[in-house]
Each structure stands twice: as C-alpha cells, then as structure tokens.
Amino acid sequence: MATFPVEVVSAERQIFSGTAKAVFARSLDGEIGILPGHQPVLLALDIAPVKIVLEDDTIDHLAVHNGFLYYQPGDKLIVLADIAELASQIDVDRAREHKADLERRADEMEDAYVEASVRKAEVRMRVADMR
C-alpha cells in the first residue's frame, strides 16, 4: 500500500515525524480519514484523538487539542496543534487528577474554560488507554 509523510507539531515541539498508510482525525465538522491520494484538505481540528497507521501496520495514537490538519497529495500531511501528546507520553494519573480538580472548582471558573479543560483531560485518558 502507498504511504505518505506525516508531521505532527505543537506550539512547543515536533511530536511525530514518520511515514503513514492512513491518518484519522476529528475536525470541527466531523471525522475524516486520509489515505494516499486523498484530495487536498485544510481542516480545523477539534479536541480529539488522532490515529496514525504506520507503514508496518502499527498504530500511534495522539491526543490533539485544537489545531489544523493540512494534506497535499504528493507532499505530506501536517498537523499543527495547540497541544499534542503521544499516548506513550501521557500521564494518566495527572490527567485524572486535573479533571477531578476542574470538576470540584467548576463553580469558580468560566463554563467554556471548564468544559474545554475537562474534554482535554478526557481525551488524554482515552488516548492513553489506546497504548
């Protein structure tokens, strides 16, 4: 099967660089799967997991917290994320504690901030379980 280069970059650092058979993500408009030869696309990403199917059929899972996905056939797929973490780098206990703390303090903070922060913690825990 054909492959294409993939890079995932956060505001802080490069998270992933490799070759993939497929990438699956959630945009603000819904789920998308990218295979070699997919039409060009630029999407705003939601707070959600990203799944990368590698050349050897292993799968890397990432927690992505907003950003953009850009794909140009013959070029590469790039994810530019506000925050992104590989499943292997996620501290599940820390995410669980952070979520519980947010839920306890929800009355003291803005609803939108709490909701987004809780979603981020939930995505981290879900992606970490995919290891």
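Structure first, text after, so check above.
Residues numbered from 1 in each chain as written. Predicted model: local features only at pLDDT ≥ 70, side-chain atom pairs only at ≥ 80, totals over all residues. Heavy atoms only, no water.

## Quick word on the environment of Asp 29
Note on placement: Asp 29 falls in the loop between strand 2 (14-27) and strand 3 (30-34). Through-space distance from the C-alpha of Asp 29 to that of Leu 43 is 8.5 Å; in sequence the pair is 14 residues apart. (Helix = DSSP H or I, 4+ residues; strand = E, 2+ residues; numbered from the N terminus.)

## Things to note about helix 2 (residues 111-128)
With 18 residues, helix 2 extends 26 Å from end C-alpha to end C-alpha; this agrees with the ideal 26 Å at 1.5 Å per step. Within helix 2, burial applies to Val 114, Ser 117, Val 118, Ala 121, Val 123, Arg 124, Met 125, Val 127 and Ala 128. Where the residues of helix 2 are buried, they touch strand 4 (41-54), strand 5 (59-71), strand 6 (77-86) and helix 1 (92-104). (Expected span 1.5 Å × (residues − 1). Buried < 20%, exposed > 50% of the residue type's maximum accessible area, 1.4 Å probe, protein only. Contact = heavy atoms within 4.5 Å.)

## Re helix 1
Helix length check: helix 1, at 13 residues, gives a terminal C-alpha distance of 18 Å against a target of 18 Å (1.5 Å per residue), a fit within 8%. Of the residues making up helix 1, those classed as buried are Val 92, Ala 95, Lys 99 and Leu 102. Considered in projection along helix 1, the buried side chains sweep an arc of 90° and stay on one side of the axis. The exposed set on the far side of helix 1, more than 90 degrees from its buried face, consists of Arg 94, Glu 97 and Arg 104. Those residues of helix 1 hidden inside the fold are in contact with helix 2. The N-terminus of helix 1 is capped by Asp 91, whose side-chain oxygen sits 3.2 Å from the backbone nitrogen of Asp 93. (Arc of directions from axis to C-beta. Polar contact = N/O pair within 3.5 Å; in protein donor to acceptor, adjacent residues only side chain to side chain.)

## Overview of the packing of aromatic side chains
Enumeration according to the criterion identifies one aromatic pair in this entry. Measuring from centroid to centroid gives 5.3 Å for Phe 4 and Tyr 71, while their planes differ by 65°, and the two rings are edge-to-face. Here Phe 4, found in strand 1 (residues 4-10), pairs with Tyr 71, found in strand 5; they are 67 residues apart in sequence, far enough to count as distant. On the basis of relative accessibility, which here comes to 4%, the residue Phe 4 falls in the buried class. On the basis of relative accessible area, Tyr 71 is assigned to the buried category, the value being 2%. (Phe/Tyr/Trp six-rings, centres within 6.5 Å; stacked < 30°, edge-to-face > 60°.)

## Focus on the packing of helix 1 against helix 2
Where helix 1 meets helix 2, the closest approach of the two axes is 9 Å, and the angle between their N-to-C directions is 155°. Relative to helix 2, the element helix 1 is oriented roughly antiparallel. Note that helix 1 runs across helix 2; the crossing there is left-handed. Contact residues: helix 1 offers Val 92, Ala 95, Arg 96, Lys 99, Leu 102 and Glu 103, while helix 2 offers Tyr 113, Val 114, Ser 117, Val 118, Ala 121, Glu 122, Arg 124, Met 125 and Ala 128. For the contact of helix 1 with helix 2, a count of residues per class yields nine nonpolar, one polar and five charged. (Axes fitted to C-alpha atoms, helices over the stretch in contact; angles between N-to-C directions. Parallel < 35°, antiparallel > 145°, perpendicular 65-115°, else oblique. Left-handed = near helix turned anticlockwise from the far one by under 90°. Nonpolar A, V, L, I, M, F, W, Y, C, P; charged D, E, K, R; others polar.)

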